[in-house]
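Structural characterization, general
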Amino acid sequence: DGGITQSPKYLFRKEGQNVTLSCEQNLNHDAMYWYRQDPGQGLRLIYYSQIVNDFQKGDIAEGYSVSREKKESFPLTVTSAQKNPTAFYLCASSSRDSESYGYTFGSGTRLTVV
Amino acid sequence: AQSVTQLDSQVPVFEEAPVELRCNYSSSVSVYLFWYVQYPNQGLQLLLKYLSGSTLVKGINGFEAEFNKSQTSFHLRKPSVHISDTAEYFCAVSGAPNDYKLSFGAGTTVTVRA
């Protein structure tokens, strides 16, 4: 079955550490997205990529970095510059096909600073 | 740019009663509209979407929504809820047809009581 796989499901980060969240899709979608979710704040866009080797900052990109070397993969690195990284992170992908228009989401990674 | 306002942050409802979740959007262009559901510690799942055509859209799990262009609304309804409908619901909008990025509302938490 096609879908999006996020790993790990739970991640703990020490102060000053960089951590990388994995996102892989086998849907052949062109676009991929990273969102951060905090209680009561909905989803906030961190970065998105509409094509391989290209990506754009979202609304809250500071302290995060991404790469898009392959169509299937869009890893997110939470750097030590992100002062409040504890949150639930969601990856999504989308197709330009009008019949399947809309996002498909992964199951999320919960990051906690210890 | 498009934006979405979900008018209720929390909606308590008794089992087998009807429920309506309100969503208003703002946009200067044509829009695509979506409703997603999120169960605890999971990703978002698409309930239904409006791209064009009939303004009454039917989705999964007995949900439906009506697109009202004059009132810029896309309210979600279910005639009879179950305990399993307890979840958070997100309304989202994108600018049709070339803007694939979704803007999400803050979410509505539905709690179904026996």
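Relevant structure appears above.
Residues numbered from 1 in each chain as written. Chains lettered and ligands numbered in written order. Predicted model: local features only at pLDDT ≥ 70, side-chain atom pairs only at ≥ 80, totals over all residues. Heavy atoms only, no water.

Section: the pattern of salt bridges
Residue and element names in this part refer to chain A.
- On inspection of all chains with the given rule, the structure shows eight salt bridges over all chains.
- The salt bridge involving Arg36 is made with Asp38; its shortest N-O contact spans 2.8 Å. Judged on exposure class, the residue Arg36 and its partner Asp38 are both buried.
- One network of salt bridges, with partners in common, ties together Arg36, Asp38 and Arg44. (Salt bridge = Lys/Arg side-chain N within 4 Å of Asp/Glu carboxyl O. Buried < 20%, exposed > 50% of the residue type's maximum accessible area, 1.4 Å probe, protein only.)

Things to note about the pairing of strand β6 (residues 54-57) of chain A
- Direction of pairing for strand β5 (residues 43-51) of chain A relative to β6 of chain A: antiparallel, over a ladder of three bridges. Bridging across to β6 of chain A, Tyr47 of chain A finds its partner in Lys57 of chain A. (Pairing = 2+ DSSP bridges. Helix = DSSP H or I, 4+ residues; strand = E, 2+ residues; numbered from the N terminus.)

Observations concerning the environment of Tyr50 of chain B
Residue and element names in this part refer to chain B.
- Within the secondary structure, Tyr50 sits in strand β6 (residues 44-50).
- Residue class for Tyr50 comes out buried when judged on its relative accessible area of 9%.
- Separated by 18 residues in the primary sequence, Tyr50 and Tyr32 place their C-alpha atoms 5.8 Å from one another.
- In contact with Tyr50, not counting residues within four places along its chain, are Val31, Tyr32, Leu33, Thr55, Val57, Phe67 and Phe74. (Contact = heavy atoms within 4.5 Å.)

Some details on the sheet that holds strand β3 (residues 19-25) of chain A
All names here are of chain A.
- Reading across from one edge, β1-β3-β8-β7 is the order of the four strands in this open sheet, with antiparallel pairing throughout. At either margin of the open sheet sits one strand with a lone partner, and together these are β1 (4-7) and β7 (64-66). Each neighbouring strand pair of the sheet contributes to a mean axis angle of 20 degrees, computed without reference to strand direction.
- Direction of pairing for β7 relative to strand β8 (residues 76-78): antiparallel, over a ladder of three bridges. In the sheet register, Tyr64 faces β8, and the bridge partner there is Val78. (Axes fitted to C-alpha atoms, helices over the stretch in contact; angles between N-to-C directions.)

Things to note about the interface of chain A and chain B
- Counting residues at the interface gives 24 residues for chain A and 20 residues for chain B.
- Summed over both partners, the interface of chain A with chain B buries about 1700 Å², with 57% contributed by carbon and sulfur atoms.
- At the boundary of chain A and chain B, one finds zero salt bridges.
- Our count for the chain A to chain B interface comes out at six residue pairs in polar contact (both at pLDDT 80 or more).
- The set of elements that each furnish at least two residues to the side of chain A that touches chain B consists of β4 (31-37), β5, β9 (87-94) and β10 (103-105) of chain A.
- At four residues, β5 of chain A tops the list of elements feeding residues into the side of chain A that touches chain B.
- Looking at the side of chain A that touches chain B, its residues break down into ten nonpolar, ten polar and four charged. (Buried area = accessible area lost by both parts, 1.4 Å probe. Polar contact = N/O pair within 3.5 Å; in protein donor to acceptor, adjacent residues only side chain to side chain. Nonpolar A, V, L, I, M, F, W, Y, C, P; charged D, E, K, R; others polar.)

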